[in-house]
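# Understanding the architecture of this molecule
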Amino acid sequence: MSDLYQKLETCLASVRKRTDFKPEVALILGSGLGDYADEIQIETTIDYTEIEGFPTSTVAGHKGRFVFGYVKNVPVVIMQGRVHYYEGYPMTDVVLPTRLMGMMGAKKLFLTNAAGGVKPRNFKPGDFMMITDHITTGIPSPLIGPNIEELGSRFPDMSEVYSRRLREVIRASAEKCGIGLQEGVYVQFTGPAYETPAEVRMAAIWGGDAVGMSTACEAMAARHMGIEVCGISCITNMAAGISKQELNHKEVQETADRVAKSFKKLVTEIIAGM
Ligand code: HPA
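Residues numbered from 1 in each chain as written. Predicted model: local features only at pLDDT ≥ 70, side-chain atom pairs only at ≥ 80, totals over all residues. Heavy atoms only, no water.

All chains considered together, the criterion is met by eight aromatic pairs. An angle of 25° between the planes, with centres 6.4 Å apart, marks the rings of F189 and W206 as stacked. Note that F189 is positioned in the loop between β7 (182-188) and α5 (197-206) and W206 in helix α5, a separation of 17 residues in sequence. The class for W206 is partly exposed, based on a relative accessible area of 36%. What links up through ring pairs into an aromatic cluster is the set F21, Y48, F54, F66, F68 and Y70. (Phe/Tyr/Trp six-rings, centres within 6.5 Å; stacked < 30°, edge-to-face > 60°. Helix = DSSP H or I, 4+ residues; strand = E, 2+ residues; numbered from the N terminus. Buried < 20%, exposed > 50% of the residue type's maximum accessible area, 1.4 Å probe, protein only.)

Let us look at the pattern of salt bridges. Across all of its chains, the model carries 15 salt bridges by this definition. As a salt-bridge pair, R65 and D38 come within 2.9 Å of each other at their nearest N and O atoms. Here R65, found in strand β3 (residues 65-71), pairs with D38, found in the loop between β1 (25-28) and β2 (41-47); they are 27 residues apart in sequence, far enough to count as distant. The partner of K119 in a salt bridge is D209, and the shortest N-O contact between them spans 3.3 Å. Taken together, the residues K119 in the loop between β5 (108-117) and β6 (128-135) and D209 in the loop between α5 and β8 (210-212) connect sequence positions 90 residues apart. The class for K119 is partly exposed, based on a relative accessible area of 24%. (Salt bridge = Lys/Arg side-chain N within 4 Å of Asp/Glu carboxyl O.)

Within helix α7 (residues 249-258), the full set of buried residues consists of E251, V252, T255 and A256. Down the axis, α7 shows its buried residues gathered within 130° of arc, on one side only. The exposed set on the far side of α7, more than 90 degrees from its buried face, consists of K250 and R258. Buried residues in α7 make contact with β5, β9 (228-238) and α8 (260-273). By the N-cap criterion, in which a side-chain oxygen at the helix start approaches the backbone nitrogen of a residue two or three places on, α7 is capped by N248, the distance to K250 being 3.0 Å. (Arc of directions from axis to C-beta. Contact = heavy atoms within 4.5 Å. Polar contact = N/O pair within 3.5 Å; in protein donor to acceptor, adjacent residues only side chain to side chain.)

For any two helices packed against each other, the geometry is given by the interaxial angle and the distance between the axes. Viewed as axis vectors pointing N to C, helix α1 (residues 3-18) and helix α3 (residues 96-104) meet at an angle of 60°, and their least axial separation amounts to 10 Å. Relative to α3, α1 is oriented oblique. Pair α1 / α3 crosses with right-handed handedness. Contacts between α1 and α3 involve L4, Y5, K7, L8, E9, C11, L12, V15 and R16 on the former and, on the latter, L96, R99, L100, M103 and M104. (Axes fitted to C-alpha atoms, helices over the stretch in contact; angles between N-to-C directions. Parallel < 35°, antiparallel > 145°, perpendicular 65-115°, else oblique. Left-handed = near helix turned anticlockwise from the far one by under 90°.)

Now for the environment of V77. For V77, the position within the fold is in strand β4 (residues 74-80). Those residues in contact with V77 that lie beyond four places of it in its chain are P23, V25, A26, L27, F66, V67, F68, M101 and M104.

This part covers the nonpolar core. Formed by 42 residues in total, the largest nonpolar core has its most connected members in L8, F66, F68, L100, M101, M104 and L109. In contact with M104, other than residues within four places in its own chain, are L12, V15, R16, F21, K22, P23, F66, F68 and V77. Counting residues in each nonpolar core, the second largest holds 31 residues, with A37, I78, F263 and I270 among its members. (Core = buried A, V, L, I, M, F, W, Y, C linked by side-chain atoms within 4.5 Å.)

The next subject is the site of the ligand. Residues in close proximity to the ligand include A114, A115, G116, Y194, E195, V211, G212, M213, T236, N237, L247 and V252, which together make up its full environment. For the ligand, a nitrogen atom lies 3.4 Å from a polar atom in the backbone of G116. Separating a nitrogen atom of the ligand from a side-chain N or O atom of N237 is a distance of 2.7 Å. For the shell around the ligand, the elements supplying multiple residues, two or more each, are β5, β8 and β9. Of the residues forming the shell around the ligand, the biggest block, three residues, is contributed by β5. Looking at side-chain class alone, the shell around the ligand contains seven nonpolar, four polar and one charged residues. (Near = heavy atom within 4 Å. Nonpolar A, V, L, I, M, F, W, Y, C, P; charged D, E, K, R; others polar.)

Attention shifts here to the environment of A239. Here A239 lies in the loop between β9 and α7. The exposure class assigned to A239 is buried, which follows from its relative accessible area of 0%. Taking C-alpha positions, A239 is 5.5 Å from V118, a pair spaced 121 residues apart along the chain. Here A239 is in contact with G116, G117, V118, V200, V211 and L247, once residues within four sequence places are set aside.

On to the side chain of T136. Summarising the element assignment, T136 is placed in the loop between β6 and α4 (164-177). A residue is classified by how much of its surface remains accessible, and T136, at 19% relative accessible area, is buried. Excluding its chain neighbours within four sequence positions, the residues that come into contact with T136 are A216 and M220.

Here you go:
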């Protein structure tokens, strides 16, 4: 057994000491959605610090805990606070929570984040973008290193990272809620600095629609395990060089907070239909 799998087993044992809850859906909360977890029917919570070997989050505004409970009768595990590569963890630690939720039993993963829009004609701050695909060229692959055979194959297929079936569920849910929905490709960079205008132009030429510092690595690790994945970005700002303003975390949080109510409504509707 690889060291990494051993570490995952240790984390799982820590969780299992506290709860035998079997989630069907795993949900990772991005900026602005943090308090979504407080609004569901909570069964139990586990702080990341209570889990042996778990990378603990350091970003202001991100809580660090798993919340287990029900969203409209669907058993879910929610990550309230994710782990980012820019915090200094190796990529394998960044995706450890995703893998752990898969090992807890989650068959589906719902990713959310805040992102910068790179195409001004398509997006404005406050829009929601369903992720149709991603580009991870800007980050190291979380699958580098000895393959964890217990989780998946050495050369996993990535031709449909974001499930066609779940994309239909998201479209139908947005329509039912009367919430506008864009679609596009998410490009992950390492952060923590926001991109330069030249990097944003590059992302657009590559075929990207939004840029961010999370999510795609988690999606890749989940697909490696055969988990069905979907995701939505909240476009909190126009990316660098597109907006005339300088970027700052406050603006990102303000936009995320402004649309949080609609985002939560949409997330609930989607989970019920997953
Ligand atoms: N770039 C990267 N990450 C982000 C952005 C951005 O413009 N907005 C929110 N997260």
